[in-house]
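# Structural overview for review
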Amino acid sequence: MDSDQDSLDQNEEGIDVVEVNEGDIEEVIDLDESEEQDGSEMEMEGYDGEDEEVEDDEEEDEEDEMVDVQDDADFCFKAHTASVFSCDLDPKTSSLAVTGGEDDKAYVWNIADGTTALICTGHSDSVTCVGFSSDSKFVASGDMSGLVKVWSTESWEEIWSFECSDLEWIKWHPSAHVLLAGTADGDVWMWKIPSGECKTMQGHGCQTTTAELFSDGKQCCTGYEDGVIKVWNLKTAKATTTFKGNSGHQDSVTSLDCHDNNNLILSGSVDGSSKIYNCNTGKEVAVFFAGDVNEDIGETNSIESVGFCHR
């Protein structure tokens, strides 16, 4: 009878019926619950990790705040309310400093006690260029928009101003009241101060990035974003020598200096090289390379500043 009943159950349900005893069961696992639990644990572990990272960052910040930075400066001038972009010392007495900043102002101040002698106002953009004339009688300030102002250090009044295109640099003549300025469109302006008599040295459509005057006051050299270097005759406002292509740099010129013999030029560039040129022969004399890029320091080996040892 039992055999018939089993056969009947199999025929009616279409499946085999297997009897399982309680002792045969070792463990029952709910896959859904397991997945949810694993996911929950992973989320919890990740959350704990984030907490640890935040705590570590906070501890590092606290440690940084606790470190005392030694300041060896004789004096700290704090009148600027934003970044300072340029500065110069008066060459005659070395008692005055001029600084220009992102706050659209330039300050002339006494380096002994920080007393402000002049606030160069009237700029509507960051003052990126400042400088004293060779005899310290005048001080110039120039902003990014191209507004250049000259002030008297005797009367502390503005005596001249001019607006050109976006300004890149300004340089005073080594012995005369003549001011030069380079612009983003590549032109170089030259003015007699305070009359404002002007000459223009027209560029080749590429931004001029830096310049330096020869000590004899008869020539200047200018560097450009495309690696070109030009030597100009200040009397004729004409280029006498041009270094470009293989003799020039392969990237923007960052800095220039002129030897006291009024013949040699030293240049630095973003391409990681520094070169010495002979202006009389128009030839490259020497090349110095910065070497391979040190990734621990930065992504470039750009030469940012160069200089001859002057007498």
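The following paragraphs examine the structure supplied in this document.

How each quantity is defined
- Residues numbered from 1 in each chain as written.
- Predicted model: local features only at pLDDT ≥ 70, side-chain atom pairs only at ≥ 80, totals over all residues.
- Heavy atoms only, no water.
- Phe/Tyr/Trp six-rings, centres within 6.5 Å; stacked < 30°, edge-to-face > 60°.
- Helix = DSSP H or I, 4+ residues; strand = E, 2+ residues; numbered from the N terminus.
- Buried < 20%, exposed > 50% of the residue type's maximum accessible area, 1.4 Å probe, protein only.
- Contact = heavy atoms within 4.5 Å.
- Pairing = 2+ DSSP bridges.

## Some points on the packing of aromatic side chains
Under the counting rule described, the total for this entry stands at ten aromatic pairs. Ring geometry for F75 against W109: centres 6.2 Å apart, planes inclined by 40°, an arrangement best described as tilted. A residue pair is termed long-range when its members are at least 10 positions apart, and F75 in the loop between helix 2 (31-66) and strand 1 (84-89) and W109 in strand 3 (residues 106-110) qualify at 34 residues. Assessed through its relative accessible area of 33%, F75 is described here as partly exposed. The buried category is assigned to W109, whose relative accessible area is 11%.

## Topic: the environment of L180
Following the sequence through the fold, L180 ends up in strand 10 (residues 178-183). By relative accessible area, which is 0% here, L180 ends up buried. Sequence spacing of L180 and K199 is 19 residues, and the spatial spacing of their C-alpha atoms is 9.5 Å. With residues near it in sequence (within four places) discarded, L180 still touches W169, I170, K171, V188, W189, M190, M201, L213, C220 and L234.

## Topic: the environment of I170
When you line up the elements, I170 lands in strand 9 (residues 167-172). What makes I170 buried here is its relative accessible area of 11%. Residues I170 and V148 lie 22 residues apart in sequence; the distance between their C-alpha atoms is 8.9 Å.

## Things to note about the pairing of strand 3
A large share of strand 3 lies buried, amounting to four of its five residues. Note: strand 2 (residues 96-101) against strand 3, five bridges, orientation antiparallel. From the neighbouring strand, G100 faces strand 3, where its bridge partner is A106. The antiparallel hairpin formed by strand 2 and strand 3 contains four residues in its connecting segment, where D104 sits at a positive phi of about 65°. In this sheet, strand 4 (residues 116-120) lies alongside strand 3 in antiparallel orientation, the contact comprising four bridges. Its bridge partner being in strand 4, Y107 is matched across the sheet by I119.

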